[in-house]
Amino acid sequence: MTSLTAEHYLLDVKLRRDRVPSFDTYPFSLPAVKELGTLKLHPKVTFIVGENGSGKSTLLEAIATAWGFNPEGGTKNFNFGTRRSHSELHECLTLVKGIKRAKDGFFLRAESFFNVATEIENLGVGDSYGGRSLHEQSHGESFFAVMTHRFGGNGLYILDEPEAALSPARQLAMLVRMHELIAMNSQFVIATHSPILMAYPDADIYQIDESGLVRTAYEETEHFLVTKAFLGNPERQLALLLESNAKSRYLNSQSHRHKHHN
């Protein structure tokens, strides 16, 4: 892990366990939260990866909200809300900040990006996003336009599953843009499923399992291993997968018929 200095904006995320009402209730029962003590962030890029339902997006949302971003996305100046859906986790987090103050920042999340684009139009600040309405572009184009035109460097950028809007080629382009922004003293925290994005070389990856957030080498992540195995021999992987699935369906149908007959 790259040695941490006070040169980056967000050093650690700590769970105030004394403030948690119960670890048996959502969102504190999620693996990403239940075992959380102190999450040390990389000066450049921190990836949080895990299965759906593991709590990575919930944790990212809480970090962004505790930083002062709108829970649905945007900058600290965005205060809209289409519906209150975020958890109270942010109230139980302590953010340890560096001595350097971020001059820019953005919380970008795929699931509520439409609402952010609408707010940008309502505020009349479209020129900062390339001068073209984000609603008049494809999801991927508008998503990438924010990174290209709005992200200005010297900032903290929190991204929740950005690959949902991006093709593989656009994900590669995003790596280039990230690298440019990092050279401009930026820090990223990203929740992702993308083995392309998490390949960024100067980063820490935390993979979520039942024991919580575990710092994991890129080549040891489930995302890398599954993708490599599939692409290495897709015909064989498909044959095994579909044969196994067919056998499972057959056994389940036989079990159902047996129970029904009895």
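The structure under discussion appears in the preceding block.
Residues numbered from 1 in each chain as written. Predicted model: local features only at pLDDT ≥ 70, side-chain atom pairs only at ≥ 80, totals over all residues. Heavy atoms only, no water.

1. What to know about the packing of aromatic side chains
- Enumeration over the complete set of coordinates arrives at 4 aromatic pairs.
- With a centroid separation of 4.2 Å and an interplanar angle of 10°, the aromatic rings of F151 and Y157 are classed as stacked. With respect to class, F151 is no different from Y157; both count as buried.
- On the numbers, 5.4 Å between centres and 40° between planes, the contact of Y157 with F188 is tilted. Here Y157, found in strand β6 (residues 155-160), pairs with F188, found in strand β7 (residues 187-191); they are 31 residues apart in sequence, far enough to count as distant. The burial state of Y157 is the same as that of F188; both residues are buried.
- One aromatic cluster is present, formed by F106, F151, Y157 and F188 through successive ring pairs.
- The ring of W67 has K97 lying over it, and the distance from NZ or CZ to the ring centre is 4.8 Å. (Phe/Tyr/Trp six-rings, centres within 6.5 Å; stacked < 30°, edge-to-face > 60°. Buried < 20%, exposed > 50% of the residue type's maximum accessible area, 1.4 Å probe, protein only. Helix = DSSP H or I, 4+ residues; strand = E, 2+ residues; numbered from the N terminus. Lys NZ or Arg CZ within 6 Å of the ring centre and 35° of its normal.)

2. Re the sheet that holds strand β2 (residues 38-40)
- In spatial order, the strands read β2-β1-β4; together these 3 strands make up an open sheet with antiparallel pairing. The open sheet has two edge strands with one neighbour each: β2 and β4 (93-97). On average, adjacent strands in this sheet sit at an angle of 20° to one another, irrespective of strand direction.
- For strand β1 (residues 10-15) and β4, the ladder comprises 5 bridges, and the chain directions are antiparallel. Its bridge partner being in β4, L15 is matched across the sheet by L93. (Pairing = 2+ DSSP bridges. Axes fitted to C-alpha atoms, helices over the stretch in contact; angles between N-to-C directions.)

3. A look at the nonpolar core
- L39, L59 and I158 are the most contacted members of the largest nonpolar core, which has 32 residues in total.
- Within the residue set of this core, elements represented by two or more residues are β1, α1 (31-34), α2 (56-67), β4, β6, β7 and β8 (203-209).
- Looking at which element gives the most residues to this core, the answer is α2, with 6 residues.
- Dropping the residues within four chain positions of it, I158 is found in contact with L60, I63, A64, F69, F106, F107, L108 and V189.
- F106, L108, F151 and A165 belong to the second-largest nonpolar core, a separate cluster that totals 25 residues. (Core = buried A, V, L, I, M, F, W, Y, C linked by side-chain atoms within 4.5 Å. Contact = heavy atoms within 4.5 Å.)

4. Points about a nonpolar patch on the surface
- A grouping of F230, L231, L238, L241 and L242 is seen on the molecular surface, where their side chains present a nonpolar patch of about 490 Å² in accessible area.
- Listed by contribution, the elements that provide at least two residues to the nonpolar patch are α6 (222-232) and α7 (234-261).
- For the nonpolar patch, the leading source of residues is α7, giving 3 residues.
- Here L231 is to be found in helix α6.
- By relative accessible area, L231 is classed as exposed at 62%. (Patch = residues over 30% accessible without salt bridge, like charges linked within 9 Å, V, L, I, M, F, W, Y side chains within 5 Å. Areas by Shrake-Rupley, 256 points an atom, 1.4 Å probe, with all protein chains shown as cover. Salt bridge = Lys/Arg side-chain N within 4 Å of Asp/Glu carboxyl O.)

5. Notes on the environment of G68
- Among the structural elements, G68 can be located in the loop between α2 and β4.
- In sequence terms G68 and H90 are 22 residues apart; their C-alpha atoms lie 10.0 Å from each other.

6. Regarding the layout of surface pockets
- Approximately 150 Å³ is the volume attributed to the second largest pocket.
- If you go around the second largest pocket, the residues you meet are E7, H8, Y9, P43, K44, K100, I182, N185, S186 and Q187.
- Taken together, the residues of the lining of the second largest pocket sort by class into 3 nonpolar, 4 polar and 3 charged. (1 Å grid on protein atoms, 1.4 Å probe; cavity = no way out; pocket = protein on both sides within 12 Å on 5 of 7 lines; lining within 4 Å. Points joined across faces, edges and corners; volume = space filled by probe spheres on them. Nonpolar A, V, L, I, M, F, W, Y, C, P; charged D, E, K, R; others polar.)

7. Some remarks on the sheet that holds β6
- Read from one edge to the other, the open sheet built from 6 strands follows the order β5-β6-β7-β3-β8-β9, with strand pairing classed as mixed. At either end of the open sheet lies a strand with only one pairing partner, and these are β5 (104-109) and β9 (212-215). Strand-to-strand twist of the sheet, defined as the mean angle between neighbouring strand axes without regard to direction, takes the value 15°.
- In terms of strand pairing, strand β3 (residues 45-49) meets β7 through 4 bridges, oriented parallel. Each residue of the ladder has a partner; that of F47, found in β7, is I190.
- Across the sheet, α2 lies against β3, β5, β6, β7, β8 and β9, angled at about 150° from β6, the strand it touches most.
- Of the strands in this sheet, β3, β6 and β7 touch helix α5 (residues 168-183), which is tilted by about 145° from β7.

Worth remembering: the numbers are spatial, not functional.
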